[in-house]
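# Results of the structural survey
The residues making up each chain are set out below.
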Amino acid sequence: MDRAGNVTVTILLNQENYLRHVIASATDGSSTPELYAHRAAFSFGRPFACAAEITGASGPDFMVSYTTHIREFLDD
């Protein structure tokens, strides 16, 4: 985590599920790729000032670099 409270993780996310979240984000806003990445990476907090970027692929998964601001969730 940097001094500002941002953390970046690299995670594997199922391609089909990731693309479903992309479609949902673009159509009805019910979910986002960032929400999917956050739930896969952390068991607390929520996406805040975040970004999910596909950096590669491995079999049925995307390698995703996920960045979020998380410090305030650690202060509780």
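Residues numbered from 1 in each chain as written. Predicted model: local features only at pLDDT ≥ 70, side-chain atom pairs only at ≥ 80, totals over all residues. Heavy atoms only, no water.

Attention now goes to the packing of aromatic side chains. Throughout the structure, instances matching the rule amount to three aromatic pairs. Pairing Phe-42 with Phe-44 gives two aromatic rings, centres 5.7 Å apart and planes at 65°, and the pair type is edge-to-face. Classification of Phe-44 as partly exposed rests on a relative accessible area of 34%. Members of the aromatic cluster, connected to one another through ring pairs, are Phe-42, Phe-44 and Tyr-66. (Phe/Tyr/Trp six-rings, centres within 6.5 Å; stacked < 30°, edge-to-face > 60°. Buried < 20%, exposed > 50% of the residue type's maximum accessible area, 1.4 Å probe, protein only.)

Let us now look at the environment of Leu-74. For Leu-74, the location among the structural elements is in helix H3 (residues 71-74). When the C-alpha atoms of Leu-74 and Phe-44 are compared, they prove to be 8.9 Å apart, with 30 residues separating the residues in sequence. Those residues within four positions of Leu-74 in sequence are excluded, and the remaining contacts are Met-1 and Phe-44. (Helix = DSSP H or I, 4+ residues; strand = E, 2+ residues; numbered from the N terminus. Contact = heavy atoms within 4.5 Å.)

Between side chains of opposite charge, pairing is possible as soon as their charged atoms come close. Under the counting rule described, the total for this entry stands at one salt bridge. The salt bridge partner of Arg-20 is Glu-16, with a shortest N-O separation of 3.5 Å. Placement of both Arg-20 and Glu-16 in helix H1 (residues 15-27) is noted, with a separation of four residues, approximately one turn of the helix. Here Arg-20 matches Glu-16 in class, with each residue exposed. (Salt bridge = Lys/Arg side-chain N within 4 Å of Asp/Glu carboxyl O.)

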